[in-house]
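Examining the three-dimensional arrangement
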Amino acid sequence: MTSTPVHESSYASRPVRTHRRRVLLKLSGEVFGGGRIGVDPDVVASVAREVAPTVDEVEVSIVVGGGNFFRGAELSQRGMDRTRADYMGMLGTVMNCLALQDFLEQLGVDTRVQTAIPMSQVAETYIPRRAMRHMEKNRVVIFGAGAGLPYFSTDTVAAQRALEIHADEVLIAKNGVDGVYTADPHIDPTAEKIAEITYEEALQKGLKVVDATAFSLCMDNRQPMHVFGMQGEGNLRKAIVGDKIGTVVK
């Protein structure tokens with residue numbers, strides 16, 4: 001009796017994808033406005049010029065804030081309903097997404113905008129696996145509309161998106177400071193910059209890194225974070241490719 005040959009599973013013969021570095025970059029809305037209300041095209045163009053050269057080497061995704069248009073918490077303090085104010089802020093982030101997409105594509109970088117609120121005429125709906133597939137194809141994915149829910153900051157959204165897309169690092173670009181310090185360097189001249197710190201140490205020392213919810217998400221899930229300054233030629237590019245120019249939090 002001839003035995004039937006046993007064939008190896010087709011799954012066993014599939015090549016294992018070599019995982020490139022994958023990052024989630026958080027940019028504040030103030031970056032897009034250049035310190036003013038609205039979008040400063042020169043500033044957004046400079047951001048695009050730093051991101052563009054990295055896409056062949058690194059899988060890049062970006063969460064953008066909307067503070068150059070609206071801040072929900074501030075609007076609510078002036079009498080607006082907080083929920084409505086936060087939705088206005090989410091729409092502001094989408095305007096920033098479209099501006100960055102335009103300047104990246106002018107440089108030949110294939111880009112997709114995904115939003116937490118469906119806006120089918122201007123963006124894809126956020127789907128984590130689709131975002132990962134885009135990045136594998138050298139497309140930059142820009143996430144807009146926050147979490148699609150009020151009361152969540154874009155810091156928190158950056159942490160959540162980084163976890164869902166399995167980012168190697170979440171990169172926090174800061175204005176006016178180039179990392180995490182032992183105290184506020186604008187107030188305390190003796191404050192010292194920290195090159196590397198654990199989440200537990202930062203918590204014990206009461207250091208303000210990102211908002212509490214984002215910090216907890218990253219700490220609980222051991223998501224590495226890299227805090228660095230926007231100021232300085234090439235800083236964005238350096239952080240994306242993995243140069244240690246600010247503070248690493250693990």
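These lines cover the structure that appears in this document, whether it is placed above or below. Here the structure is a predicted model, which means the values were calculated and not measured.

On a plain count of helices and strands, the protein comes out with 9 helices and 11 strands. Radius of gyration (C-alpha) of the protein: 20 Å, near the 18 Å computed for a compact globule of 250 residues. With the C-alpha coordinates of the protein rotated into their principal frame, the extents come out at 85 × 45 × 35 Å. Sequence separation of 24 or more characterises 73% of the internal contacts of the protein that already satisfy a separation of 6 or more. A total of about 12,900 Å² of accessible surface is found on the protein, and carbon and sulfur atoms cover 52% of it. Distance between charge centres in the protein, computed from 28 positive and 31 negative side chains, equals 4 Å.

Attention now goes to the pattern of salt bridges. Under the counting rule described, the total for this entry stands at 13 salt bridges. Where Glu169 meets Lys244, a salt bridge forms, and the shortest distance between an N and an O atom there is 3.3 Å. Pair noted here: Glu169 is in strand β6 (residues 169-174) and Lys244 is in the loop between α9 (235-241) and β11 (247-249), with a separation of 75 residues, a long-range link. Between Glu200 and Arg222 there is a salt bridge whose closest N-O contact spans 2.9 Å. Taken as a pair, Glu200 in helix α7 (residues 199-204) and Arg222 in the loop between α8 (212-220) and β10 (225-229) lie far apart in primary sequence, 22 residues in all. Given a relative accessible area of 35%, Glu200 falls into the partly exposed group. Ionic contacts of the salt-bridge type, sharing partners, join the residues Arg20, Arg22, Glu59, Arg133 and Glu136 into one network.

At a minimum axis separation of 7 Å, helix α6 (residues 154-164) and α8 run at an interaxial angle of 20°. Taken together, the axes of α6 and α8 lie roughly parallel to each other. Read as a crossing pair, α6 and α8 show a hand that is left-handed. Of α8, the residues touching α6 (which contributes Asp155, Thr156, Ala159, Gln160 and Leu163) are Thr213, Ala214, Leu217 and Cys218. In terms of residue class, the contact of α6 with α8 is built from 5 nonpolar, 3 polar and 1 charged.

Trans peptide bonds make up most of the peptide bonds, and negative phi angles are found at most residues other than glycine. Located in the positive-phi region is Tyr151, a residue other than glycine, with phi close to 75°. By the secondary structure assignment, Tyr151 is in the loop between β5 (140-144) and α6. According to the relative accessible area criterion, Tyr151 is exposed, its value standing at 54%. Here Arg222, not a glycine, exhibits a phi torsion of approximately 55°, which is positive. In this structure Arg222 comes out as partly exposed when scored by relative accessible area, which is 46%.

Under the counting rule described, the total for this entry stands at 2 aromatic pairs. Measuring from ring centre to ring centre gives 5.2 Å for Tyr199 and Phe215, while their planes differ by 80°; the resulting arrangement is edge-to-face. Pair noted here: Tyr199 is in helix α7 and Phe215 is in helix α8, with a separation of 16 residues, a long-range link. Here the two residues Tyr199 and Phe215 agree in accessibility, since each one is buried. Taking the ring centre of Tyr126 as reference, the NZ or CZ of Arg161 above it sits at 3.7 Å. The cationic tip of Arg161 hangs over the ring face of Phe143; the distance from NZ or CZ to the ring centre is 5.8 Å.

Turning our eyes to something else, we now look at helix α4 (residues 82-106). One turn of the α-helix equals 3.6 residues, which is why residues spaced by three or four share an orientation. If you check α4, its first and last C-alpha atoms are 37 Å apart, about what 25 residues at 1.5 Å a residue would give, namely 36 Å. For α4, the capping residue at the N-terminal end is Asp81, with a side-chain oxygen 3.2 Å from the backbone nitrogen of Thr83. Downstream of α4 by one or two residues, Gly108 has phi in the positive range, about 85°.

Turning to the state of the cysteines, a few remarks are in order. For the structure shown, the criterion picks out 0 disulfides. In this model Cys97 remains outside any disulfide bridge; the closest cysteine sulfur is found in Cys218, 19 Å from its own. A residue is classified by how much of its surface remains accessible, and Cys97, at 0% relative accessible area, is buried. Note on Cys218: relative accessible area 0%, which makes it buried.

Side chains of Leu149, Tyr151 and Phe152 sit close together on the surface and give an oily, nonpolar patch of about 340 Å² of accessible area. Residue Leu149 is classed as partly exposed on the basis of its relative accessible area of 45%.

This part is about the packing of helix α2 (residues 41-51) against α4. Across the interface, α2 lies against α4 with an axial gap of 9 Å and an inter-helix angle of 55°. The angle between the axes of α2 and α4 places the two elements in the oblique class. The handedness of the crossing between α2 and α4 is right-handed. In this structure, α2 contributes Pro41, Val44, Ala45, Val47, Ala48 and Val51 to the contact, and α4 contributes Ala99, Leu100, Phe103 and Leu104. Here the contact of α2 with α4 is built from residues that sort into 10 nonpolar, no polar and no charged.

Conventions and cut-offs
- For every chain, the first residue of the written sequence is number 1, and numbering continues from 1 onward in sequence order.
- Local features in a predicted model are, by the rule used here, given only for residues with pLDDT of at least 70; side-chain atom pairs are given and counted only at 80 or more, and totals for whole chains, interfaces and linings are based on all residues.
- Only hydrogens and water are removed before side-chain values are computed, so all heavy atoms of the structure are retained for them.
- Strands here are runs of E lasting at least two residues and helices are runs of H or I lasting at least four, both read from the DSSP assignment and numbered beginning at the N terminus.
- For this measure, only C-alpha atoms enter the radius of gyration; the expected value for a globule follows 2.2 Å times N^0.38, where N is the number of residues.
- Note on contacts: a residue pair is in contact if any heavy atoms of the two residues lie within 4.5 Å.
- Accessibility throughout is a Shrake-Rupley quantity obtained with a 1.4 Å probe, and a residue counts as covered only by protein chains that appear here.
- The sign given to each residue is positive for Lys and Arg and negative for Asp and Glu; His and the chain ends receive no count.
- Charged groups are reduced to one reference atom each: NZ for lysine, CZ for arginine, CG for aspartic acid, CD for glutamic acid.
- Here a salt bridge means any side-chain nitrogen of Lys or Arg lying within 4 Å of a carboxyl oxygen belonging to Asp or Glu.
- Working definition: with a 1.4 Å probe on protein chains only, accessible area under 20% of the residue-type maximum means buried, over 50% means exposed, and in between means partly exposed.
- Note on method: axes are straight lines fitted to C-alpha atoms, helices fitted across the in-contact stretch only, with angles between N-to-C directions ranging 0 to 180 degrees.
- Angle categories are assigned with fixed cut-offs, so that under 35 degrees is roughly parallel, over 145 is roughly antiparallel, 65 to 115 is roughly perpendicular, and the rest are oblique.
- Handedness of a helix crossing follows the sense of rotation of the near helix relative to the far helix, less than a right angle counterclockwise being left-handed and clockwise being right-handed.
- In this classification, the charged set is Asp, Glu, Lys and Arg, the nonpolar set is Ala, Val, Leu, Ile, Met, Phe, Trp, Tyr, Cys and Pro, and all remaining amino acids, among them Gly, are polar.
- Stacked, edge-to-face and tilted labels apply to pairs of Phe, Tyr and Trp rings (six-membered ring for Trp) whose centres lie within 6.5 Å, assigned for plane angles under 30 degrees, over 60, and everything in between, in that order.
- Distance and angle both matter: a charge sits over a ring if NZ of Lys or CZ of Arg is within 6 Å of the ring centre and within 35 degrees of the ring normal.
- Any helix carries an expected span of 1.5 Å times its number of residues minus one.
- N or O atoms closer than or at 3.5 Å make up a polar contact, with two conditions inside protein: a donor-capable atom paired with an acceptor-capable one, and, for residues adjacent in sequence, both atoms drawn from side chains.
- Here, two cysteine sulfur atoms that lie within 2.5 Å of each other are counted as a disulfide.
- Here, patches come from residues exposed beyond 30% relative accessible area and free of salt bridges, joined within 9 Å for like charges and within 5 Å for nonpolar side chains (Val, Leu, Ile, Met, Phe, Trp, Tyr).

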